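# A closer look at the structure
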Amino acid sequence: MRAPAVAGAAALALACAAAPARAVITIVTDTGSTYGLVLRVGSPGTTVDTVAFSVTGPNAGLTPTAVTGSQPITVWVTPVRPITASNTTARPVTLRVDSSSGLVCQWSGCGSITIPFSKVSWTASGNDNAASGDIQSGSFDGTANQTIASYNANASFCTGLLGLPCVLGVGTWTYQSRQLSSTTLQFTYANDTVYPGGTYMGTVRFTASME
């Protein structure tokens, strides 16, 4: 069975510019709509979210401090699996980000300078612990395939008499729901390196897959 996969993107800008982080709601189904995977990055519908870091005034001086992004972005990943007596095999779901492109200078004043996305971190809220599969606070590593969350998708399991495993499928079937829902990321630019003044923009791509 092929693995459903969906992708979304969030754009970030450095300096006084505003970059769009388009909302992405994608549904991919497999084998007669039995399996599905939904990824949403940002606001619903056609709304365009903006994340910008303003490195001006005191933040561009001799004692700069980290700069918080203009607004947070919320991420959802929802797998769908059927409830059947045979559906006991784990189906790993993984959320990855591609931040390899960096923040690229947009005008001649800063030339060909690219700021690595490793200068951008996030604080996660509305999440559970790492063992549950939710996104934890962290930072981009500037690679094309960074895993930021993983867990086993929705599954069914069977409990027999006295809490023992089922025998020949006889017992009580329970639906175990697992999804990454409403985890909010507040981004921060480290601002610990002096770069030429200008506007820098880049895009981080989110991809969710279910094996």
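Residues numbered from 1 in each chain as written. Predicted model: local features only at pLDDT ≥ 70, side-chain atom pairs only at ≥ 80, totals over all residues. Heavy atoms only, no water.

## Observations regarding the overall build of the protein
- Check the secondary structure of the protein and you find zero helices and 17 strands.
- In the protein, which comprises 211 residues, the proportion classed as buried is 39%.
- Look at the contacts in the protein between residues 6 or more apart in sequence, and 71% of them connect residues 24 or more apart.
- Approximately 10,200 Å² of the protein is accessible, and the part contributed by carbon and sulfur atoms is 56%. (Helix = DSSP H or I, 4+ residues; strand = E, 2+ residues; numbered from the N terminus. Buried < 20%, exposed > 50% of the residue type's maximum accessible area, 1.4 Å probe, protein only. Contact = heavy atoms within 4.5 Å. Areas by Shrake-Rupley, 256 points an atom, 1.4 Å probe, with all protein chains shown as cover.)

## Structural notes on the nonpolar core
- Ranked by size, the top nonpolar core spans 34 residues in total, and within it V77, L95, F187 and F206 carry the most contacts.
- Residue contributions to this core peak at five residues, all from strand 17 (residues 200–210). (Core = buried A, V, L, I, M, F, W, Y, C linked by side-chain atoms within 4.5 Å.)

## A closer look at the state of the cysteines
- With the rule as written, the count across this model stands at one disulfide.
- Note that C105 is cross-linked by a disulfide to C110, the S-S spacing being 1.8 Å. Across the S-S bond of C105 and C110 the torsion is about 90°, and the bridge reads as right-handed.
- For C110, a relative accessible area of 3% gives the class buried. (Disulfide = S-S within 2.5 Å.)

## Focus: the environment of D134
- Within the element layout of this structure, D134 appears in the loop between strand 11 (120–125) and strand 12 (138–139).
- Residue class for D134 comes out buried when judged on its relative accessible area of 10%.
- The spacing of D134 and T183 is 49 residues in sequence and 7.3 Å in space, taken between C-alpha atoms.
- At a separation of 2.6 Å, a polar atom in the side chain of D134 contacts the main-chain amide nitrogen of D128. (Polar contact = N/O pair within 3.5 Å; in protein donor to acceptor, adjacent residues only side chain to side chain.)

## Here's the deal with the pattern of salt bridges
- Going through the model one piece at a time under the given rule, you end up with one salt bridge.
- Measuring nitrogen to oxygen at the nearest pair gives 2.9 Å for the salt bridge that ties K119 to D192. Of the two residues, K119 is situated in the loop between strand 10 (114–115) and strand 11 and D192 in the loop between strand 16 (180–189) and strand 17; the sequence distance between them amounts to 73 residues.
- The exposure class assigned to K119 is buried, which follows from its relative accessible area of 18%. (Salt bridge = Lys/Arg side-chain N within 4 Å of Asp/Glu carboxyl O.)

## Digging into the confidence of the model for the protein
- Here the protein averages 77 in pLDDT, while 67% of its residues score no lower than 70.
- Scored below 50 in pLDDT, residues 16–25 makes 43 contacts in the model with residues more than four places away or belonging to other chains. (pLDDT = per-residue confidence, 0-100.)

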